[in-house]
Amino acid sequence: MAAMRAERNAQNSSEPNLVKGTFSFQELPGLMSLLVVGEGVPLVVFPGLSRDSRPLTPRIAARQAAGYRGLARVTGRSVHVLYRPRKLHPALTMSELAAAHAKALDELFAAPIDLMGVSTGGAIALQLAVDRSKTLHRLIVAGAAGSLGESGRCRLEEYGRLISQGKSGARLLASVLAGPMLRWPATLMLWLEEWMERDLDPSDMLATIHAECGFNVYPSLSEITAPTLVIAGENDRAFSPEQFRATADGIPNAKLVLYRNRGHVTAMFDPRFGRDATAFLND
């Protein structure tokens, strides 16, 4: 039923729905884009932070779909990637961001959904779970916690400050995403990505950073009623293992999975990630 509703919404959208192989995309009300990869029961994904907030085009959608085919294959799900709204106001709060996502989900799905939030998307998912727990059937929080903590907040604020001044944040971001051995290659790769995206307006990303820096749901985690899996790497440099444990401990009956020798990004490329997520979704 959900897939039929998504297809009907696509046909009514001002942006024509593109179907090629196993993915499709459409524009939703509220200036949000939706990418669907694979077939099966829906798994909604809130992705991580990105400078690029443009509407999906056939080329962008094809490139994004390639990154989600593995998740669709291992889970046996149709992965519905819901991108953050565009034209966000600078003083955005996480509750406002979660409300926009909840409104889009209400339009797409009649029943509670399975949701995976990744990094910044995990923060949005946690806020949505606190504010609208009945929207969710199951929740996976990947590489995110109930708040950034003081260290994470300072680094994200500094990254936003550098970007807003037209400077490179590649070195700072690499210090969060990569270990010492890979820091210079990661810095070079992130600098190249910044250069390729130099003409993109970072305003929506900066508004999202503002919302995440003010985000803290630790006091409200007990209000989450959906079965929850918190999954991350022990070597995550954006969050500490203690933050992940506090998040899982605060949610009734939540499960915590921490991978040794894995960081903020590498945890999600670990072969166990897909298997653990699938086992939780099918439990």
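In the block above lies the structure referred to throughout.
In short, a report on the structure. In this text the structure is predicted, and so the values were computed from the model without any measurement.

## Description of the overall build of the chain
Part 1: When you go through the chain residue by residue, the secondary structure sums to 10 helices and nine strands.
Part 2: For the chain, the C-alpha radius of gyration of 18 Å lies close to 19 Å, the compact-globule estimate for 283 residues.
Part 3: Once the C-alpha set of the chain is aligned to its principal axes, its extents read approximately 45 × 45 × 35 Å.
Part 4: Considering the chain as a whole, with its 283 residues, one finds that 52% of them fall into the buried category.
Part 5: Summarising the internal contacts of the chain: among those between residues at least 6 apart in sequence, 75% fall at separations of at least 24.
Part 6: Between the centroid of the 31 positive side chains of the chain and the centroid of its 28 negative side chains there is a distance of 4 Å.

## Details of the environment of Leu82
Part 1: Tracing the sequence through the fold places Leu82 in strand β5 (residues 78–82).
Part 2: Taking the C-alpha atoms as reference points, Leu82 and Phe46, 36 residues apart in sequence, are found 5.6 Å from one another.

## Considerations on the packing of aromatic side chains
Part 1: Applying the stated criterion to the full structure yields one aromatic pair.
Part 2: A ring pair is formed by Phe239 and Phe244, whose centres lie 5.7 Å apart and whose planes are at 50 degrees; its orientation type is tilted. No difference in accessibility class separates Phe239 from Phe244, as the two residues are buried.
Part 3: Here the basic side chain of Arg198 rests over the ring of Trp195, its NZ or CZ set 4.0 Å away from the ring centre.

## Here's the deal with a nonpolar patch on the surface
Part 1: Together, Leu188, Trp191, Leu192, Trp195 and Met196 line one region of the surface with nonpolar side chains, adding up to about 590 Å² of accessible area.
Part 2: Mapped onto the secondary structure, Leu192 falls in helix α7 (residues 183–196).
Part 3: Given a relative accessible area of 42%, Leu192 falls into the partly exposed group.

## Some remarks on the packing of helix α5 (residues 149–164) against helix α8 (residues 203–213)
Part 1: Two elements in contact, α5 and α8, have axes separated by 10 Å at closest approach and are oriented at 160 degrees. By the angle class used here, α5 and α8 are roughly antiparallel. Relative to α8, α5 is oriented so that their crossing is left-handed. Residue-level inspection shows Arg153, Leu156, Glu157, Tyr159, Gly160, Ile163 and Ser164 of α5 in contact with α8, the latter providing Met205, Leu206, Ile209, Glu212 and Cys213.
Part 2: Of the residues contributing to the contact of α5 with α8, the split by class is seven nonpolar, two polar and three charged.

## Quick notes on the nonpolar core
Part 1: Counting residues in each nonpolar core, the largest one holds 54 residues, and the members touching the most others are Phe46, Leu82 and Leu126.
Part 2: Counting 29 residues, the second largest nonpolar core, distinct from the first, contains Phe23, Leu43, Tyr83 and Leu229.

## Observations concerning unusual backbone geometry
In most cases, non-glycine residues show a negative phi, while peptide bonds are predominantly trans.
Part 1: With phi around 55 degrees, Ser119 is a residue other than glycine that occupies positive phi space.
Part 2: Although it is not a glycine, Asn253 sits at a positive phi angle of roughly 60 degrees.
Part 3: In this fold, Asn253 is placed in the loop between α9 (241–250) and β9 (255–259).
Part 4: Given the relative accessible area of 78%, Asn253 is considered exposed.

## Overview of helix α3 (residues 94–108)
The periodicity of an α-helix, 3.6 residues per turn, causes residues three or four places apart in sequence to face the same way.
Part 1: Across its 15 residues, α3 extends 21 Å between first and last C-alpha, which sits within 8% of the 21 Å expected from 1.5 Å per residue.
Part 2: Turning to α3, its buried residues are Met94, Leu97, Ala98, His101, Ala102, Ala104, Leu105 and Leu108. Axial view of α3: buried residues confined to an arc of 160 degrees, hence all on one face.

Each value, and the rule that gives it
Residues numbered from 1 in each chain as written. Predicted model: local features only at pLDDT ≥ 70, side-chain atom pairs only at ≥ 80, totals over all residues. Heavy atoms only, no water. Helix = DSSP H or I, 4+ residues; strand = E, 2+ residues; numbered from the N terminus. Rg over C-alpha atoms; globule rule 2.2 N^0.38 Å. Buried < 20%, exposed > 50% of the residue type's maximum accessible area, 1.4 Å probe, protein only. Contact = heavy atoms within 4.5 Å. Lys, Arg positive; Asp, Glu negative; His and termini not counted. Charge placed at Lys NZ, Arg CZ, Asp CG, Glu CD. Phe/Tyr/Trp six-rings, centres within 6.5 Å; stacked < 30°, edge-to-face > 60°. Lys NZ or Arg CZ within 6 Å of the ring centre and 35° of its normal. Patch = residues over 30% accessible without salt bridge, like charges linked within 9 Å, V, L, I, M, F, W, Y side chains within 5 Å. Areas by Shrake-Rupley, 256 points an atom, 1.4 Å probe, with all protein chains shown as cover. Salt bridge = Lys/Arg side-chain N within 4 Å of Asp/Glu carboxyl O. Axes fitted to C-alpha atoms, helices over the stretch in contact; angles between N-to-C directions. Parallel < 35°, antiparallel > 145°, perpendicular 65-115°, else oblique. Left-handed = near helix turned anticlockwise from the far one by under 90°. Nonpolar A, V, L, I, M, F, W, Y, C, P; charged D, E, K, R; others polar. Core = buried A, V, L, I, M, F, W, Y, C linked by side-chain atoms within 4.5 Å. Expected span 1.5 Å × (residues − 1). Arc of directions from axis to C-beta.

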